[in-house]
Amino acid sequence: MSTAKVYDVIVIGAGHAGCEAALAAARMGCDTLLFNINLDSMALMSCNPAIGGLGKGQIVKEVDALGGEMGRIADKTACHFRLLNTSKGPAVQSTRFQCDKQLYRLAMKNVLENQKHLSLRQGLVDELVVEKGRTRGVVDSTGFFFGARAVVVTVGTFLEGVIHIGNSRQSAGRAGEIASVKLADNFRRLGFEMGRMKTGTPPRLKASTIDFSVMDRQDSDPGVKPFSFSTKELRAERLPSYFTATTEQTAGIIRDNIMHSALYSGAITGLPARYCPSLEDKIMRFADKASHPVVLEFEGLDTEEIYAKGLGNSLPPDLQEKLVHSVPGLEEAEIMRSAYAIEYDFIQPRQLKRTLETKLVAGLYLAGQTNGTSGYEEAAGQGLWAGVNAALAVQKREPFVLDRSDGYLGVMVDDLVTRGVDEPYRMFTSRAEYRLMLREDNATFRLMKKGLDLGLISKDQYAELEDQLRRIDEGIKTLKSTKIQPVPETREILEKLKTKPIKNATSLYQILKRPEIRCDDLKVFGVFADDPGDEVKRQIEIDAKYEGYIQRQREEVERYKNLEAKNIPPGIDYSVIPSLSKELVKKLTEVRPTTVGQAKGIPGMTQGGLDAILIFAKKIESEEMNKRRREGA
């Protein structure tokens, strides 16, 4: 083996996790090398070319607030814009953009190629070089050694990936790209606990062969905000989406041929996601349903390819054609790319520290589907987190960690390292206990200071944010200090605003708490003469309408932080704590929680178990204190 140089950070895999990891490390000043099997497939959207969605839009906003790239690229390349859950409160509203698949890839490639301190290399990494429990670099398929102080592995579905189409099996990381077999073997030899997961992708159809006239059309929502704080305007091009549904004929084709499905023939052993079942699964598990929705979305502005969401399956090509033709509007549809299922290896994430560094090998970080997650957004968030912590470790700085009250990223990482996974992990708003505080609209206000401290956000960007914060604060103070009296003139104004009259002197802030009142409605009382901007007014409205709820969550967070602050001594032997069950001893030994708060999140943990750990921890601390006293004497 030979090497040209030693890098600060090497990132393996340039999917959404790898791109964010490499950019973060390089932007923090680390000499970084990014490997990908094919440099033309960096940031390729293997499945639906959409960014965001319920719970996922929050992650994209948080990645952007910390200095990541996904939100900026999505803003540049999106061609269909939606704000989801608009009928509900701001805590669960999420943005979703349908992007141009090729434009997204090329835009990210351009950013990577022009990033200072970042080198790109096409190649397959076969081995992690580990000496005395620490990573020293990697070896590629040619036998060449590349030294590194830290390595981030983000190989997606490539770890011994196998594609299934009917009875056909092909070793691949995704269609047209080779799998990473030797690296998977390397992880096993190093002693990592691994598992097998399954995902899939639907067929791509030719647009000109589809009868869209019989389908329901959905256009972009007006007035949707960009993902990135730095984006001032979204592109003008728009593409529609279309809705149709499967039929009883579709279900019959699947039921009559289920033995030909790789999922039901026993060929696939990997764990599928319950929340995103294949069409075979839907038909077999929900036999009472007459139909299942199918959404057709364009893969780009200059392509005929249509992503047929809802038709994912692992049937042979001839049966896929019959299945597609059984759907209204798709009777003559031409399949350009077959649907397929793919199974792949993952590393059980309970083996990771909260920095996403492995407990087994120092200097080795894992992110994305390698950790058993699914989704571009989850991958990007972990990639940023791992890349930042790899850089901080190289620079001998304090690690970067968010807790569950700081952001969805904190929720995700805590879930992964504390609970592990038994199916592909996906973010939902329901996973976040403090979701009213962790809204999509306030991600920038919550996290940009941390991005500034890391060196990923510029001073100019932060100054712009501070100006917004100042205007929000001033607006709230103005409304709280401006009171209106129960006089005829006021009564008349409130009547025109279709809101109830007041009986006593009332602040405009209290008036704004009413669901039917907006900031602009209050201009009639002489406030907001100099319009502070839509985003500022939105934050003021949310602050007023949800003040009580937000305050209660803040109090909960304080109680949580007090619990989180109670440390558990490292190296504690849980097997000697008599009141703990064998199952809890096993889980605690695997996770090695550093705080009581983290221990509380372990599945199956009881209050009695927590009390026993606290008593034992206090006993250890007391013994150590007595020992130091004796040594001092």
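All values derive from a computational prediction rather than experimental measurement. (Residues numbered from 1 in each chain as written. Predicted model: local features only at pLDDT ≥ 70, side-chain atom pairs only at ≥ 80, totals over all residues. Heavy atoms only, no water.)

Colleague: Please clarify how the side chain of Arg439 should be interpreted in this entry.
Modeller: Inspection of the secondary structure assignment puts Arg439 in the loop between helix H10 (408–419) and helix H11 (443–454). Owing to a relative accessible area of 5%, Arg439 belongs among the buried residues under this scheme. Here the side chain of Arg439 touches Gln539 through a polar contact of 3.4 Å, side chain to side chain. Once residues lying within four places of it in the same chain are set aside, the contact partners of Arg439 are Gln58, Pro90, Ala91, Arg446, Gln539, Ile542 and Ile550. (Helix = DSSP H or I, 4+ residues; strand = E, 2+ residues; numbered from the N terminus. Buried < 20%, exposed > 50% of the residue type's maximum accessible area, 1.4 Å probe, protein only. Polar contact = N/O pair within 3.5 Å; in protein donor to acceptor, adjacent residues only side chain to side chain. Contact = heavy atoms within 4.5 Å.)

Colleague: Help me out: how do you make sense of helix H1 (residues 16–27) in this one?
Modeller: Structurally, the α-helix is built with 3.6 residues per turn, so residues lying three or four positions apart point the same way. End to end, H1 covers 17 Å across 12 residues, agreeing with the expected 16 Å (1.5 Å per residue, within 8%). Listing the buried residues of H1 in full gives His16, Ala17, Gly18, Cys19, Glu20, Ala21, Ala22, Leu23, Ala24, Ala25 and Ala26. (Expected span 1.5 Å × (residues − 1).)

Colleague: How should I be thinking about the sheet that holds strand S11 (residues 168–171) in this particular structure?
Modeller: In a beta sheet, neighbouring strands are held together by backbone hydrogen bonds and run either parallel or antiparallel to one another. Pairing within the open sheet is antiparallel, and its four strands lie in the order S11-S10-S19-S12. Two strands bound the open sheet, and with one partner strand each, they are S11 and strand S12 (194–201). Across the sheet, the mean angle separating the axes of adjacent strands is 25° when strand polarity is ignored. As judged from the three bridges shared by strand S10 (residues 162–165) and strand S19 (residues 340–347), these two strands associate in the antiparallel manner. By the bridge assignment, His164 is partnered in S19 with Ala341. (Pairing = 2+ DSSP bridges. Axes fitted to C-alpha atoms, helices over the stretch in contact; angles between N-to-C directions.)

Colleague: Would you mind going over the layout of surface pockets with me for this structure?
Modeller: The method is simple in principle: a probe with the dimensions of a water molecule rolls over the atoms, and the space it marks as empty is what remains. In this structure, the second largest pocket occupies an estimated 1,300 Å³ of space. Lining the second largest pocket are 47 residues, with Gly223, Lys225, Asp534, Glu535 and Arg538 sitting closest to its centre. Here the lining of the second largest pocket gets eight residues from one element, more than from any other, and that element is helix H15 (residues 534–545). Along the lines of polarity and charge, the residues of the lining of the second largest pocket split into 17 nonpolar, 11 polar and 19 charged. (1 Å grid on protein atoms, 1.4 Å probe; cavity = no way out; pocket = protein on both sides within 12 Å on 5 of 7 lines; lining within 4 Å. Points joined across faces, edges and corners; volume = space filled by probe spheres on them. Nonpolar A, V, L, I, M, F, W, Y, C, P; charged D, E, K, R; others polar.)

Colleague: What is the right way to read the packing of aromatic side chains from this model?
Modeller: Aromatic ring pairs are described here by two measures, namely the spacing of the ring centres and the angle between the planes. Here the structure, examined in full by the defined rule, presents nine aromatic pairs. Three or more aromatic residues link up through ring pairs in this structure, and these residues are Phe35, Phe144 and Phe146. For the cation-ring pair, Arg431 lies above Tyr425, with the distance from its terminal atom to the ring centre recorded as 4.1 Å. The ring of Tyr509 has Lys480 sitting right over it, with the charged end atom 4.8 Å from the ring centre. (Phe/Tyr/Trp six-rings, centres within 6.5 Å; stacked < 30°, edge-to-face > 60°. Lys NZ or Arg CZ within 6 Å of the ring centre and 35° of its normal.)

Colleague: What am I meant to see in the nonpolar core here?
Modeller: Looking at soluble globular proteins, one finds that nonpolar side chains tend to be buried together. By size, the foremost hydrophobic cluster in this structure holds 105 residues, and its most contacted members are Ile10, Ile51, Tyr104 and Phe187. The dominant element in this core, judged by the number of residues it contributes, is helix H9 (residues 376–394), at 10 residues. Setting aside chain neighbours within four positions, we find Tyr104 in contact with His16, Ala43, Met45, Ile51, Met70, Ile73, Ala74, Thr77 and Cys99. If you look at the next biggest cluster of nonpolar residues, it comprises 26 residues, including Tyr242, Ile283, Leu296 and Leu315. (Core = buried A, V, L, I, M, F, W, Y, C linked by side-chain atoms within 4.5 Å.)

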